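# Structural description and commentary
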Amino acid sequence: MRRGRLIVVSGPSGAGKSTLIRAALDAVPQLAYSVSATTRPPRPGEVNGRDYIFLSREEFERWIREGRFLEWAEYSGNLYGTPAHRVEEYLESGLSVILEIELQGARKVRQKRPDAVMIFVRAPSLEETRRRLEGRATESEDAMEQRLATAVEEVAARDEFDCEVVNDDYERAKQEMIEIMRRIVAGGEPC
C-alpha cells in the first residue's frame, strides 16, 4: 500500500478554506481531514472532536511539552496545533491528509516535512475578506481588525505555496480544489 501524502491548506480567515476542503473530502475518498486542537472557545454549532479538539491553555501547553503536535502556533490570541499521531496513522493507512492551518503552522510543517503539498486559498480581495468576516458575525470588531491585518501579511506569503486557489466563484474554486486533490492522491503534481 502506498503511503498517503501530507497536504497543507492555508490562507486568510474568510477565504473559504473549510468549505472547499469539505467539498474535496466529499468528492475524493482517499482523503482524510486532520482535526486541529485549539484554545479558542467553540463557535455556535461547533462540536469538540469534529470541528476542533477544544483544549484549555493549560492542556494545550502540556501537549506542547509532551511533543504531541506536528506543529503549533498562536494566532489571534489563541493556540492552534496539529496532533501528530493521528496524521501519521492516516498516512500509514494510505490516506492523504489535509491540514487546515494558518501561515505560521504551514511554515513549520514545510520545515519538518518538505514533501508536504502546500495550497493557498484566498478571497479575490481584502474587501471581500472583510465582507465575509462581517457576514460570519462571530468576531468582535477588534478580533476582525486583527484578522484583516493578518490577512494582508498572509496574502504576501502566497508565493511560498505550491498551488493557489482564488475563491472568487465558489463552483469554479470547488472544482479546482477537487482536481488538485485528485492529482495529489494519484501521486502526480498538484498544480
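Here the structure is shown first, and the text comes after it.
Rules behind the numbers
- Residues numbered from 1 in each chain as written.
- Predicted model: local features only at pLDDT ≥ 70, side-chain atom pairs only at ≥ 80, totals over all residues.
- Heavy atoms only, no water.
- Phe/Tyr/Trp six-rings, centres within 6.5 Å; stacked < 30°, edge-to-face > 60°.
- Buried < 20%, exposed > 50% of the residue type's maximum accessible area, 1.4 Å probe, protein only.
- Helix = DSSP H or I, 4+ residues; strand = E, 2+ residues; numbered from the N terminus.
- Pairing = 2+ DSSP bridges.
- Salt bridge = Lys/Arg side-chain N within 4 Å of Asp/Glu carboxyl O.
- Axes fitted to C-alpha atoms, helices over the stretch in contact; angles between N-to-C directions.
- Contact = heavy atoms within 4.5 Å.

## Things to note about the packing of aromatic side chains
Under the criterion given, the structure shown has six aromatic pairs. Their ring planes at 75° and their centres at 6.3 Å tell us that Tyr 75 and Tyr 80 sit as a pair that is edge-to-face. A network of ring pairs unites the aromatic residues Tyr 52, Phe 54, Tyr 75 and Tyr 80 as a single cluster.

## Notes on the pairing of strand E1 (residues 6-10)
Most of E1 is tucked away, with five of its five residues classed as buried. Here E1 shows no split at all, with Leu 6, Val 8 and Ser 10 on one side and Ile 7 and Val 9 on the other all buried. Relative to strand E7 (residues 96-100), E1 runs parallel, the two sharing four bridges. If you follow Ile 7 over to E7, its bridge partner there is Ile 98. Note that E1 and strand E8 (residues 117-122) share four bridges and pair parallel. Within E8, the residue paired with Val 8 across the bridge is Met 118.

## Points about the pattern of salt bridges
Applying the stated rule across the entire model yields 19 salt bridges. For Glu 92, the salt bridge is made with Arg 3, and the minimal N-O distance between the two is 2.3 Å. In this pair, Glu 92 is assigned in helix H3 (residues 84-92) and Arg 3 in the segment before E1, connecting sequence segments 89 residues apart. On the basis of relative accessible area, Arg 3 is assigned to the partly exposed category, the value being 34%. One salt bridge connects Glu 164 with Arg 158, and the closest N-O pair in it is separated by 3.3 Å. The exposure class assigned to Arg 158 is partly exposed, which follows from its relative accessible area of 31%. Here the salt bridges share partners, and the residues they tie into one network are Arg 3, Glu 88, Glu 92, Arg 113 and Asp 115.

## Examining the sheet that holds E7
Strands sit in the order E2-E7-E1-E8-E9 across an open sheet of five strands; the sheet is parallel. The sheet terminates laterally at strand E2 (31-33) and strand E9 (163-166), the two strands that pair on one side only. Mean inter-strand twist for the sheet, computed between neighbouring axes without regard to direction, equals 25°. Of the strands in this sheet, E1, E7 and E8 are in contact with helix H4 (residues 103-112), which crosses E1 at around 155°.

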